[in-house]
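# Survey of secondary and tertiary structure
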Amino acid sequence: MKNQSAIQDRILLRYRDEGHARFDLPAELCEDGTAADLERRVGSLDGVRRVVVYRRSRKLSIRYLEATCGFLDVARHLHTCAPMALGAGRAKRPEGTQRSEERRVGKECRSRW
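Notes on the structure follow. All of these numbers come straight from a predicted model, not from anything done at the bench. (Residues numbered from 1 in each chain as written. Predicted model: local features only at pLDDT ≥ 70, side-chain atom pairs only at ≥ 80, totals over all residues. Heavy atoms only, no water.)

## Let's talk about the pattern of salt bridges
Enumeration according to the criterion identifies six salt bridges in this entry. Between Arg 10 and Glu 28 there is a salt bridge; the shortest N-O distance is 2.9 Å. One end of the pair, Arg 10, is in the loop between α1 (2–9) and β1 (12–17); the other, Glu 28, is in the loop between β2 (20–24) and α2 (32–43), with 18 residues separating them in the sequence. With a relative accessible area of 37%, Arg 10 lands in the partly exposed category. One salt bridge connects Asp 24 with Arg 14, and the closest N-O pair in it is separated by 3.3 Å. Here Asp 24, found in strand β2, pairs with Arg 14, found in strand β1; they are 10 residues apart in sequence, far enough to count as distant. Assessed through its relative accessible area of 23%, Asp 24 is described here as partly exposed. We classify Arg 14 as partly exposed; its relative accessible area is 48%. What emerges from the salt-bridge pattern is a single network uniting Asp 37, Arg 40 and Arg 41. (Salt bridge = Lys/Arg side-chain N within 4 Å of Asp/Glu carboxyl O. Helix = DSSP H or I, 4+ residues; strand = E, 2+ residues; numbered from the N terminus. Buried < 20%, exposed > 50% of the residue type's maximum accessible area, 1.4 Å probe, protein only.)

## Overview of the environment of Gly 33
Among the structural elements, Gly 33 can be located in helix α2. For the pair Gly 33 and Leu 86, spaced 53 residues apart in sequence, the C-alpha separation works out to 8.8 Å.

## So, the pairing of β2
Pairing analysis gives five bridges linking β1 to β2, with the strands arranged antiparallel. Pairing of Leu 13 across the sheet is with Phe 23, part of β2. Taken together, β1 and the strand that follows it, β2, pair antiparallel across an intervening segment of two residues, in which Gly 19 is found at a positive phi of about 80°. Of the strand pairs in this sheet, β2 and strand β4 (residues 59–64) are connected by five bridges, and their pairing is antiparallel. What sits directly across from Asp 24, in β4, is Lys 59. (Pairing = 2+ DSSP bridges.)

## Some remarks on the pairing of β4
Relative to β4, strand β3 (residues 48–54) runs antiparallel, the two sharing six bridges. Looking at β4, one finds that Val 52 is bridged to Ser 61. Where β3 folds back on β4, the antiparallel hairpin that results is connected by four residues, among which Arg 58 adopts a positive phi of roughly 55°.

## Examining the sheet that holds β3
Hydrogen bonds between backbone groups are what pair the strands of a sheet, and the pairing can be parallel or antiparallel. Read across the open sheet, the four strands follow the order β1-β2-β4-β3; overall the sheet is antiparallel. Edge positions in the sheet fall to β1 and β3, since each has one partner strand and no second. Going across the sheet, the axis of each strand differs from the next one's by a mean of 15°, ignoring polarity. Against the sheet, α2 makes contact with β3 and β4, and its axis sits at roughly 165° relative to β3, the strand it touches most. (Axes fitted to C-alpha atoms, helices over the stretch in contact; angles between N-to-C directions. Contact = heavy atoms within 4.5 Å.)

This is the structure we're talking about:
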C-alpha cells in the first residue's frame, strides 16, 4: 500500500484547460507494458476521448468531454488506475529481462566500436 500512494504522490499536474489535462509521470509508469496499460485503463472512463503517454518525456495527456466527466472525475480515475497499471506492467515482464529498445540500443553501441 505504501508503494501505491508513493506512485500517486509523484503524478503531478502540469497543465489544465477545458477538456484537457497534462501530467508528469514517474519513470515506472512510462515503461512499455505499464504505459500501454495506463492508457487503456484511463481511457476506459466514460467521456475520455484520448489518452497518450509520452514515455521519453514522462508525460501524460488526457483529452475528455467536460459535459460527460469533469477534471476531478478524470483525476480520481487516474489516481485509481496508476497503481493497477504499475502492478500489471510489472507482472507482464519478468524481472531481469531487458526491453527490446534497450537491447537494440545496446547492440547499436557495440557495433559502432
